[in-house]
Amino acid sequence: MSLKKTIEIDIVKVPSSKIESIDFENLAFGNVFTDHMFYCDCIDDVWQKPQIVPYEPFLLDPSAKVFHYGQAIFEGMKAYKDENDAVWLFRPDQNFERFNHSAKRMAMPEVPEAIFMEGLKVIVDMERNWVKKGIGNTLYIRPFMIATGTGVIAAPSNQYRFMIILSPAKSYYSGEVKVIIADHYSRAANGGIGAAKAAGNYSAQFYPTKLANEKGYQQIIWTDDASHTKLEEAGTMNVFFRINDTLYTAPTSERILDGVTRKSIIDLAKKEGFKVAVQSVLVSELVAASKNGSLKEIFGTGTAAVVNPIVGFSFEDIYYELPTIENSVALQLKEKLTKIQYKLEEDTFEWTVKV
């Protein structure tokens, strides 16, 4: 796809960059931000002129709708630098489409493609020195939109702010990941907003995740809200199960996010000759597969973590350890995808876009 310039953006640059003060070898995920941020306001369905300004706090009225009725959506993306210092995005068209799907579901205005893509291109280009070379080094990109209109009447806002902020990042997770399978709490329900990247989806899972953490588990594998029998997502990631030689992952739905990494892993796995089944896996089937030895791997996929192996799961207070596999499918696919993202391997899918 093209990232040709189509709109004008007002730009105010910082007097001097803070980049020299950043320890890029010891980054906590999402805590350090680059010098600039992009924003564009929408007032009464009219998009204003986009701006890039120094990264800084901004004022909101205490009655802003985002505080009271939760109109807030976001995306997660990354920029990568290859060995020739070129900067690349990974499937930005998919994030753009999903962003507007989320906006529509939350009764928010859809962001014009020119504003989203040009804003993305220009600010990443401005901050390209924050993208460091080497596998594991990325620039995490957070497009988001909030309702800034005022008043506490329970109705959609008439004003919104679309923004893009950038954060240099390394690996999202570290150490072993053990999970609990949910049998009470739910991430999403049919007819709800589970398929949107709405802020409320994530805050609603903080409490059950806290309970899991207290028991020594890092994440939860969510199940369907009606019966808690179908396996759906792992924490903030889509999830895959390798039973014998087949990779299973749940189909997307009103409850399951259409993950960009998920669909990329599916396509890549098929290309590499792995069997992939997009179908629901029951909790009972997973437990039985673990007991009879046919369950080989579980792994989550997402922009932040890319591919994250899971070493074991708990269900009804019984813990099931997964076998240790040196050349796991999860790590094979992660390596393949990572090499495409860093331009170390040919991108036959045409997923990468040069900034």
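No experiment lies behind these values; they were computed from the predicted model shown.

Colleague: Give me the overall build of the protein chain: which residues, what numbers.
Modeller: Tallying secondary structure elements over the protein chain gives 7 helices and 21 strands in all. Computed over its C-alpha atoms, the radius of gyration of the protein chain comes to 21 Å, within 12% of the 20 Å expected for a compact globule of 355 residues. Scored against the burial criterion, the 355 residues of the protein chain give a buried share of 54%. Surface accessibility of the protein chain: about 16,300 Å² in total, with carbon and sulfur atoms responsible for 49%. In the protein chain, 39 positive and 45 negative side-chain charges are present, and the distance between their average locations comes to 2 Å.

Colleague: Break down the packing of aromatic side chains for me, citing the residues and quoting the values.
Modeller: In this structure the tally under the stated criterion is 16 aromatic pairs. Each ring, one from phenylalanine 99 and one from phenylalanine 116, has its centre 5.7 Å from the other, and the planes form 55°; the classification is tilted. Taken together, the residues phenylalanine 99 in helix 2 (residues 92–105) and phenylalanine 116 in helix 3 (residues 113–126) connect sequence positions 17 residues apart. By relative accessible area, which is 0% here, phenylalanine 99 ends up buried. Looking at phenylalanine 116, the relative accessible area reads 0%, which means it is buried. Relative to tyrosine 319, the ring of tyrosine 217 has its centre 6.2 Å away and its plane inclined at 50°; by these criteria the two rings are tilted. Linking tyrosine 217 in the loop between helix 4 (199–214) and strand 11 (219–223) with tyrosine 319 in strand 20 (residues 318–321), this pair joins segments that are 102 residues apart in sequence. Relative accessible area serves as the criterion here: at 29%, tyrosine 319 is assigned to the partly exposed category.

Colleague: Tell me about empty space enclosed by the protein, residues and numbers included.
Modeller: Empty space among the atoms becomes apparent when a probe as large as a water molecule is rolled across them. Under the defined criterion, the tally for this structure stands at 2 cavities of 30 Å³ or more. Empty space within the largest cavity amounts to approximately 90 Å³. In terms of lining residues, the largest cavity is bounded by Gly76, Met77, Lys78, Tyr80, Phe90, Asn95, Val260, Thr261, Gly302, Thr303, Val306 and Gln341. Elements with a contribution of two residues or more to the lining of the largest cavity: strand 6 (77–81) and helix 5 (260–271). Its boundaries defined by the atoms lining it, the second largest cavity holds a volume of some 40 Å³. Forming the walls of the second largest cavity are Phe24, Leu27, Trp130, Lys132, Asn137, Thr138, Pro168 and Ala169. Split into classes, the residues belonging to the lining of the second largest cavity amount to 5 nonpolar, 2 polar and 1 charged.

Colleague: Please give an account of the side chain of arginine 262 that cites residues and values.
Modeller: Positionally, arginine 262 belongs in helix 5. No salt bridge is formed by the buried arginine 262. Its closest oppositely charged neighbour is aspartate 258, at 4.2 Å. When neighbours within four sequence positions are excluded, arginine 262 is seen to be in contact with Asn238, Phe240, Thr249, Ala250, Pro251, Thr252, Val278 and Thr301.

Colleague: Residue-level account of the pattern of salt bridges, with values.
Modeller: Counting across every chain of the model gives 15 salt bridges. Here aspartate 258 and lysine 263 are joined by a salt bridge, their closest N and O atoms 3.1 Å apart. For aspartate 258, a relative accessible area of 32% corresponds to the partly exposed category. On the basis of relative accessible area, lysine 263 is assigned to the buried category, the value being 18%. The shortest N-O distance in the salt bridge between glutamate 335 and lysine 339 comes to 3.4 Å.

Colleague: Describe in detail the nonpolar core, supporting the description with residues and values.
Modeller: Membership of the largest hydrophobic core comes to 56 residues, with the highest contact counts inside it found for Phe38, Phe116, Leu120, Val124, Ile141, Met145 and Phe162. Among the elements that take part in this core, helix 3 stands out by supplying 7 residues, more than any other. Ignoring anything within four residues of it in the chain, the contact list for isoleucine 141 reads Glu75, Gly76, Met77, Lys78, Ala79, Leu89, Leu120, Val124, Ile164, Ile165 and Leu166.

Colleague: Report on unusual backbone geometry, specifying residues and quantitative values.
Modeller: One non-glycine residue, valine 306, lies in positive phi territory at about 65°. One non-glycine residue, aspartate 317, adopts positive backbone phi at about 65°. With respect to the helices, strands and loops of the structure, aspartate 317 is situated in the loop between strand 19 (312–315) and strand 20.

Colleague: For the pairing of strand 12 (residues 230–234), give the residues involved together with the corresponding values.
Modeller: In terms of burial, strand 12 is largely enclosed, as 4 of its 5 residues are buried. Sheet analysis places strand 11 next to strand 12, joined by 3 bridges and oriented antiparallel. When the sheet's bridge partners are listed, tryptophan 222 is paired in strand 12 with glutamate 233. Bridge count between strand 12 and strand 16 (residues 281–282): 2 bridges; the pairing is antiparallel. When the bridges of strand 16 are listed, lysine 230 appears paired with leucine 282. Pairing analysis gives 2 bridges linking strand 12 to strand 13 (residues 237–243), with the strands arranged antiparallel. The partner of glutamate 233 across the bridge, within strand 13, is asparagine 238. Where strand 12 folds back on strand 13, the antiparallel hairpin that results is connected by 2 residues, among which glycine 235 adopts a positive phi of roughly 60°.

What counts and how
Residues numbered from 1 in each chain as written. Predicted model: local features only at pLDDT ≥ 70, side-chain atom pairs only at ≥ 80, totals over all residues. Heavy atoms only, no water. Helix = DSSP H or I, 4+ residues; strand = E, 2+ residues; numbered from the N terminus. Rg over C-alpha atoms; globule rule 2.2 N^0.38 Å. Buried < 20%, exposed > 50% of the residue type's maximum accessible area, 1.4 Å probe, protein only. Areas by Shrake-Rupley, 256 points an atom, 1.4 Å probe, with all protein chains shown as cover. Lys, Arg positive; Asp, Glu negative; His and termini not counted. Charge placed at Lys NZ, Arg CZ, Asp CG, Glu CD. Phe/Tyr/Trp six-rings, centres within 6.5 Å; stacked < 30°, edge-to-face > 60°. 1 Å grid on protein atoms, 1.4 Å probe; cavity = no way out; pocket = protein on both sides within 12 Å on 5 of 7 lines; lining within 4 Å. Points joined across faces, edges and corners; volume = space filled by probe spheres on them. Nonpolar A, V, L, I, M, F, W, Y, C, P; charged D, E, K, R; others polar. Salt bridge = Lys/Arg side-chain N within 4 Å of Asp/Glu carboxyl O. Contact = heavy atoms within 4.5 Å. Core = buried A, V, L, I, M, F, W, Y, C linked by side-chain atoms within 4.5 Å. Pairing = 2+ DSSP bridges.

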